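# Per-entry structural report
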Amino acid sequence: MTSTAPFKRTMLATLVLSLALSGCTTTASQTESSGDAAPQTDASEAQAPQSDTRIATTPLTGEAFYTLLLAEIATNRGDYGSAAQLYSRLDRQYDDLEVAQRATALNQVVGNYDAMGEHAGHWLRLEPENAEGWQALTIASLANADQVTASRALNQWLTLDPDAEIEVALAGISTLAADQQERLLPVLAEAEANHPENSSIGFANAQLLSTLGQYEQGLEVIRANRAQQDSPEKGLLEFRLHLELNDIEQARTVISDLAERYPNNSQVATTFAGFAYADSDTNKTETLESLFNRFPNEPVIARAFARESFDNEDYDTAEVLFERLINSEFSDEAHYFLGRISRINRVPEEAAQRFLSVEAPPYLVSALAELSEVWQDSRPTDVQEALHQARQDYPAQSPVLWRIEADLFRRLGNTDQAMAVYGQALSAHPGDTSLLYDQALMAANLGQYELLEENLTEVLEQEPDNASALNALGYTWADRNMNLDQAKRYIDRALEQQPDDPAIQDSKGWVEYRLGNLEEAERWLRRSLESMESDEVAAHLAAVLWEQDKQEEAQRWLDQAFSWNSNSPTARNIIETLDIDR
């Protein structure tokens with residue numbers, strides 16, 4: 001998670017949108033200048049407010065009015081980059097207060113903090129005692145890591161507005177390097193020393209420390225700051241800091257307390273909902289239901305409660321909640337889960353239409369995978385068409401969409417078509433490791449071991465530590481009783497990365513069996529079976545036990561293998577190879 005707090009107040013909100021077009025014109029009482037542009041000052045030359053530093057305004061010319069009109073049209077269209085350039089041009093030519101304000105605000109919106117500082121300096125020459133002007137200069141100078149100007153501007157802003165919420169001043173620092181951000185800490189410390197009555201300085205300091213990854217220091221500061229003057233935003237920052245420090249218990253305490261203290265704060269409620277859904281707390285269903293009852297129109301809360309209901313197999317509640325989300329930003333997610341509910345309720349065509357209603361990743365891929373199962377027998381061609389269209393619309397998802405198509409034909413038992421799909425996919429995406437790996441597994445089932453080795457070797461050339469490829473190739477060699485020393489090395493490398501993977505543990509046991517290390521083989525196979533019910537592993541263990549003259553237990557594990565899979569090919573092969581009488 002990112003630790004930088006969202007800044008909701010921007011200069012655009014406080015200034016640009018409040019300025020009328022007519023406010024950028026001069027009045028009839030203004031005296032026309034000689035025609036030369038008035039001299040401008042840069043941000044560092046902005047002085048403390050003194051009446052003798054005020055610049056006389058100058059009237060706009062006819063050409064300037066045309067530029068102003070273009071700038072307003074650009075602003076209304078949301079083309080803030082063009083609007084910022086046009087207002088900047090005007091502000092460099094004329095001494096008009098509201099043009100300077102607009103130029104300042106628009107340059108903040110587009111992230112041009114050099115220009116923002118320049119125009120804020122001009123604004124303050126025109127109106128030295130305007131607190132918002134000093135706020136703008138503070139934002140710009142902090143964003144430019146200009147400590148000297150930032151310190152002076154922040155002090156002047158707080159002098160004019162002692163209750164200012166100065167955390168907004170950090171709005172532009174996210175693009176600064178960490179060392180530049182760190183150099184801003186003394187600016188805040190000096191401001192706090194000069195204005196101890198303003199509690200928002202400590203809040204800003206805690207936010208900056210959080211941005212720098214200094215979570216423990218930030219936590220210490222925000223706790224002290226909350227004791228001075230609390231707010232929901234400050235509590236949420238403390239909550240996030242506890243999460244960053246992986247102190248889940250304390251994070252839970254903080255967010256629960258915030259929800260009780262600020263029961264009508266939607267930001268607290270939505271944050272609590274997201275945390276509650278991810279949390280392991282046994283009361284999370286009740287928590288989410290309570291939050292939803294208080295904020296039924298908050299999509300984030302409805303979504304969390306819907307997902308929790310689905311996970312709890314309360315499909316009736318989940319369906320009602322997901323229906324509410326159809327017209328929200330979670331529309332795709334809602335259609336996807338409604339499709340899954342329709343499948344559970346055995347309404348396949350309704351499920352298919354839900355899956356087809358999902359428009360974009362990430363849920364599009366999952367929806368098409370579900371659709372391929374719903375229509376695999378009745379409408380496989382339509383599934384192919386949907387996958388083809390998705391590959392055109394979202395090229396970045398193409399490899400996984402090819403894999404879904406290949407798996408469709410695998411399930412239908414058409415392995416030739418599945419292999420042909422992999423061929424098409426690899427022609428479009430040569431060297432894609434996921435496609436190479438999947439094709440290799442299918443090649444193993446078809447006995448095409450040369451292709452399997454070729455593919456997995458290519459995967460390992462690109463990704464030498466790919467545990468799945470190491471295990472698959474190592475196991476294949478062990479199962480074929482060849483290249484056993486290299487097979488063991490590959491499987492051991494896979495185990496180093498995923499020591500608790502029962503499939504790799506099975507491979508380890510099987511290669512040790514092939515090498516004649518029966519006790520070691522038995523140990524690894526028993527360990528695998530502790531976490532995975534597999535007829536293949538049970539059959540492997542039976543073979544190891546049989547070779548150790550433990551025939552009775554070997555027979556029991558063979559029985560277990562057939563109970564898990566009545567047609568277990570591995571168990572049948574073991575019986576035939578070892579000539580076990582059953």
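Up top you'll find the structure we're talking about.
Summarised in this report is the structure supplied together with it. As the structure is a prediction and not an experimental result, all values here were calculated from the model. (Residues numbered from 1 in each chain as written. Predicted model: local features only at pLDDT ≥ 70, side-chain atom pairs only at ≥ 80, totals over all residues. Heavy atoms only, no water.)

On to the overall build of the chain, then. Scanning the chain for helices and strands turns up 32 helices and zero strands. The C-alpha atoms of the chain give a radius of gyration of 34 Å, which is well past the 25 Å a tight globule of 582 residues would have. Principal axes of the C-alpha set define a box for the chain whose edges measure 110 × 50 × 50 Å. Relative to its full complement of 582 residues, the chain shows a buried share of 49%. Here the chain displays about 27,500 Å² of accessible surface, and carbon together with sulfur accounts for 44% of that area. Distance between charge centroids for the chain: 3 Å, based on 43 positive and 96 negative side chains. (Helix = DSSP H or I, 4+ residues; strand = E, 2+ residues; numbered from the N terminus. Rg over C-alpha atoms; globule rule 2.2 N^0.38 Å. Buried < 20%, exposed > 50% of the residue type's maximum accessible area, 1.4 Å probe, protein only. Areas by Shrake-Rupley, 256 points an atom, 1.4 Å probe, with all protein chains shown as cover. Lys, Arg positive; Asp, Glu negative; His and termini not counted. Charge placed at Lys NZ, Arg CZ, Asp CG, Glu CD.)

This paragraph deals with the packing of helix α20 (residues 363-374) against helix α21 (residues 380-393). At a minimum axis distance of 10 Å, the contact between α20 and α21 shows a crossing angle of 165 degrees. With respect to each other, α20 and α21 are oriented roughly antiparallel. Seen from above, α20 lies across α21 with left-handed handedness. Packed against α20, whose contacting residues are Leu364, Leu368, Leu371 and Ser372, the element α21 presents Val383, Ala386, Leu387 and Ala390 at the interface. In the contact of α20 with α21, the residues fall into seven nonpolar, one polar and no charged. (Axes fitted to C-alpha atoms, helices over the stretch in contact; angles between N-to-C directions. Parallel < 35°, antiparallel > 145°, perpendicular 65-115°, else oblique. Left-handed = near helix turned anticlockwise from the far one by under 90°. Contact = heavy atoms within 4.5 Å. Nonpolar A, V, L, I, M, F, W, Y, C, P; charged D, E, K, R; others polar.)

So, about the packing of aromatic side chains. A ring pair, where both rings are aromatic, is described by two values, the distance of the centres and the angle of the planes. The full count for this structure, using the stated rule, is 11 aromatic pairs. When the ring of tyrosine 336 is compared with that of phenylalanine 355, the centres are 6.1 Å apart and the planes differ by 50 degrees; the resulting orientation is tilted. With tyrosine 336 in helix α18 (residues 331-344) and phenylalanine 355 in helix α19 (residues 348-356), this residue pair connects regions lying 19 residues apart in the sequence. When sorted by exposure, tyrosine 336 lands in the same class as phenylalanine 355, which is buried. Ring-pair connections join several aromatic residues into one group, and the members of that group are Phe310, Tyr315, Phe322, Tyr336, Phe337, Phe355 and Tyr363. (Phe/Tyr/Trp six-rings, centres within 6.5 Å; stacked < 30°, edge-to-face > 60°.)

Residue placement: threonine 67 occurs in helix α2 (residues 62-76). For threonine 67, a relative accessible area of 8% puts it in the buried group. The contacts of threonine 67, once residues within four sequence positions are left out, are Leu86, Arg89 and Leu90.

Another aspect to go through is the layout of surface pockets. Each pocket or cavity is described by its volume, and for the largest pocket that value is around 1,000 Å³. What lines the largest pocket is a set of 35 residues, and nearest its centre among them are Leu441, Ala444, Asn445, Tyr475 and Glu536. Those elements that provide at least two residues to the lining of the largest pocket are α22 (398-411), α24 (433-445), α25 (449-462), α26 (467-479), α28 (502-514), α30 (535-547) and α32 (569-578). Class assignment for the residues of the lining of the largest pocket results in 15 nonpolar, 10 polar and 10 charged. (1 Å grid on protein atoms, 1.4 Å probe; cavity = no way out; pocket = protein on both sides within 12 Å on 5 of 7 lines; lining within 4 Å. Points joined across faces, edges and corners; volume = space filled by probe spheres on them.)

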